[in-house]
Amino acid sequence: MRHSAVSASIFALVLFLVAGCSSGPSTGPGPIVVAPSERDSPRDQDFEDDRYDRDVFERPDEDAFVTPLHLRGDDPVRVALLLPFSAPGDNAKRVASAMFDAAQLAAFEAGNDRFLLIPKDTRGTPDGAAAAARSALNEGAELILGPLFAESVEAVADIARSAETPVIAFSSDNRSAGNGIYLLSFPPEIEVKRVTDFAASTGITRFGLLAPANAYGERVSTAFSDNVTNIGGVVVHEERYEQNPDAMLAPAKRLAQYSREVIPVELRHGYKENDESNQYTDDSGFMRGYQAVMMPEQGTLLRALAPLLPYYNVNINQVKLLGVSAWNNPRLAREPALRGGWFAAPDPDVSNGFKERYAAAFGQTPPRLASLSYDASLLAARLGQQGRTRTRFSDRAISNPNGYFGADGLFRLREDGTIERGLAVLEIQPGGAVVVDPAPKSFNQFDGF
């Protein structure tokens, strides 16, 4: 049971809708959470009605907007939160509930007593997300936070654009980004860039890649290759694997062959010997092996994959292993093969602060994605304190080049809808991960931002 003072204060501020009508005012100042009514959980028949174009929206008269009695005549800040509260999977529902809690926590901490957070259930489907967006817009939402899944973001995008309402979604799929759709997420590209740039600053120029054979692995491979080229390095060799321990063996063995100081002739694909312009050969023109390997895996699979390199005679005291923020897992400290590995992630001192506040309010540790809804809600509440409707959530305000400081540290939303983050670089040690290169305090600190 949730029993902290913060939690009690938050839930004392909840207003319920009955048959679409608002109740009386809240019992005190602070954010208002307008609980969804039964009509906000769309049924299948809702999508059989072809009386309107799903991608076009016309706002109703403002008299139909959700307005608590004590804010009538004032300027309510109506913000919708679209999450898969009734998705088929238990994990999705658990994450949605935690993200809702985190959004309430942020709204409460912002202290904007004109802030109305309007949760809507997407059911975890594109059709559900489209219906939830329409419902929120009908009630006057001037900003939409969410949805969570990429297909749902696509379903909401055109509707929101036709209503000239910005969206801060939680997907890392860039296909819907831009033109008013912002993606507040953890895209692999920025993590790959951060750790690769740091490795290059230590003198590493030759890299290997061992990635899963899926869409995520493809994104990492593309970003890694592009960034290595930009820093003047080379990807000596890369391998893909199916995500089960047995299927990892052969790719790891093949990659291991390229760790040798001098790579045998039969393995030198695409390299010219005795080419003085090739900085990846020694003075005799022999091609040299990689100095670091990017391994964008996580959890149990990472603990199965990493030991394969030393098993196949890769000297991990000389070859640095590189990873992504999913490496920020205390259990990985028990794996000797990962000792000394670097990965990019939010500064733990900052992210731990959010986790502690969330635990104090709700009695449990938040899942990783909870920080996204916290940051989105906090940003919305803070921007809502400035200006009037249609100006406070302008593209210019949302994509402030100075960025914002949230649960995971520094971030900013770009005009093209993508995100940049100020990440730290951490090293895995027996006692846990330690920061070896701090996160920036401003975007002016990094040339790459």
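Going by the structure above, here's the rest.
Residues numbered from 1 in each chain as written. Predicted model: local features only at pLDDT ≥ 70, side-chain atom pairs only at ≥ 80, totals over all residues. Heavy atoms only, no water.

**Student:** Please explain the packing of helix H3 (residues 126-138) against helix H4 (residues 150-162) as it appears in this structure.
**Tutor:** The description of two packed helices rests on the angle between their axes and on the distance between the axes. Two elements in contact, H3 and H4, have axes whose closest approach is 8 Å; the angle formed by their N-to-C orientations is 35°. As for the relative orientation of H3 and H4, their crossing is right-handed in sense. Residues Pro 126, Ala 129, Ala 130, Ala 133, Arg 134 and Leu 137 of H3 form the contact with H4, whose own contacting residues are Glu 151, Ser 152, Ala 155, Val 156 and Ile 159. Within the contact of H3 with H4, the residues separate by chemical class into eight nonpolar, one polar and two charged. (Axes fitted to C-alpha atoms, helices over the stretch in contact; angles between N-to-C directions. Helix = DSSP H or I, 4+ residues; strand = E, 2+ residues; numbered from the N terminus. Left-handed = near helix turned anticlockwise from the far one by under 90°. Contact = heavy atoms within 4.5 Å. Nonpolar A, V, L, I, M, F, W, Y, C, P; charged D, E, K, R; others polar.)

**Student:** I would appreciate a short explanation of unusual backbone geometry in the present structure.
**Tutor:** Glycine aside, a negative phi is what most residues show, and trans is what most peptide bonds show. Cis peptide bonds are those with omega within 30 degrees of zero, and the linkage from Gly 146 to Pro 147 qualifies with 0°. Residue position: Pro 147 is located in the loop between strand S5 (143-145) and H4. Although it is not a glycine, Asn 179 adopts a positive phi angle of roughly 55°. Its place among the elements puts Asn 179 in the loop between strand S6 (167-169) and strand S7 (181-183). Despite not being glycine, Asn 313 has its phi angle at roughly 75°, a positive value. Within the fold, Asn 313 resides in the loop between helix H9 (308-311) and strand S11 (320-323).

**Student:** What exactly am I supposed to notice about the nonpolar core here?
**Tutor:** It is characteristic of soluble globular proteins that their nonpolar side chains tend to be buried jointly. With 45 residues, the main nonpolar core has Val 79, Ile 168 and Phe 170 as its most contacted residues. When residues of this core are traced back to their parent elements, those giving at least two are strand S3 (77-83), helix H2 (90-110), strand S4 (115-121), S5, helix H10 (348-362), helix H11 (370-383) and strand S14 (409-413). Ranked by the residues each element gives to this core, the list is headed by H2, at 11 residues. Filtering out sequence-adjacent residues up to four positions away, Phe 170 remains in contact with Leu 81, Leu 83, Met 99, Leu 145, Gly 146, Pro 147, Leu 148, Leu 184, Ser 185, Leu 372, Ser 373 and Ala 376. With 35 residues, the next largest nonpolar core counts Tyr 241, Tyr 312, Leu 426 and Ala 439 among its residues. (Core = buried A, V, L, I, M, F, W, Y, C linked by side-chain atoms within 4.5 Å. Buried < 20%, exposed > 50% of the residue type's maximum accessible area, 1.4 Å probe, protein only.)

Honestly, it's all geometry; don't read function into it.
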